[in-house]
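Next come the chains, spelled out residue by residue.
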Amino acid sequence: VPVVDPGPRVHYSCTGFILLGRLVEVESGEALAEFAAREIFTPLEMVDTRFLPLADPLPEGLVERLVVTERRNDCSRGRALAAAMEHRDELWVAWQARHPAGSARGVVHDENAAWLGGLAGNAGLFTTATDLLAFGQMYLDHGRHGPRLVLSDAAIETATRDWTPNLGEHRGLGWKISGPEGALCDLASPAA
């Protein structure tokens, strides 16, 4: 049920991206993680970028390189999610293993994606600074990585266009953008 009528203001929600991830799976006939790897991560040589579903073991050598995120047991939403995970035996062992000493490593922060097993269209993707650099550079290079076209100029323009210019926040498709008043910070250009 929509919370806000279209048009008057921005209302942050994960639902659209969760549905988009599912749509990608239906249309491509493959899992979101496989599609993203084939179409984006592999062409960009993003060797460490991946979804880390709770049901799958963490890749060898990756855990030590993951940044520790919020202690899930320190907030009410995290405690509620952990309590719900206890009743899902197949995920509970993985959930516990990814929370050594109460901290989180390789576990999605978003509760919706966690409930979906740690992989959804809105969250659950992990990367390194090197891989993120390759992704950002592809945007700056108009969708190209070296000679390979990963995203078209039209896709880049559509994703980076300000779709909410008069609604108090400036958002592209999947991105918060700076806008004319430099909302990201005073060091970011209006085009950031």
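Refer to the structure above for everything that follows.
Residues numbered from 1 in each chain as written. Predicted model: local features only at pLDDT ≥ 70, side-chain atom pairs only at ≥ 80, totals over all residues. Heavy atoms only, no water.

Colleague: Help me get a handle on the environment of Phe41, residues and values and all.
Modeller: Inspection of the secondary structure assignment puts Phe41 in helix H2 (residues 32-41). On the basis of relative accessible area, Phe41 is assigned to the buried category, the value being 7%. Along the sequence, Phe41 and Phe135 sit 94 residues apart, while their C-alpha atoms lie 8.4 Å from each other. Phe41 has contacts with Ala36, Met46, Thr49 and Leu125, leaving out every residue within four places of it along the chain. (Helix = DSSP H or I, 4+ residues; strand = E, 2+ residues; numbered from the N terminus. Buried < 20%, exposed > 50% of the residue type's maximum accessible area, 1.4 Å probe, protein only. Contact = heavy atoms within 4.5 Å.)

Colleague: Can you lay out helix H1 (residues 15-28) for me, pointing to particular residues and giving the numbers?
Modeller: Structurally, the α-helix is built with 3.6 residues per turn, so residues lying three or four positions apart point the same way. Over its 14 residues, H1 runs 20 Å from end to end, which matches the ideal 20 Å to within 8%, given 1.5 Å per residue. One or two residues past the end of H1 sits Gly29, with phi positive at roughly 75 degrees. (Expected span 1.5 Å × (residues − 1).)

Colleague: If you had to explain the nonpolar core to someone new, which residues and values would you point to?
Modeller: Note on soluble globular proteins: their nonpolar side chains tend to be buried together. Within the largest apolar cluster, 13 residues are counted, with the highest numbers of intra-cluster contacts made by Leu44, Met46, Phe135, Met138 and Tyr139. Those elements giving two or more residues to this core turn out to be H2, helix H6 (129-140) and helix H7 (153-160). Top contributing element to this core by residue count: H6, with 4 residues. Residue contacts for Phe135: discarding those within four places in its chain leaves Ile40, Leu44, Met46 and Trp175. Listed in part, the 12 residues of the second largest apolar core include Met85, Val108, Ala113 and Ala114. (Core = buried A, V, L, I, M, F, W, Y, C linked by side-chain atoms within 4.5 Å.)

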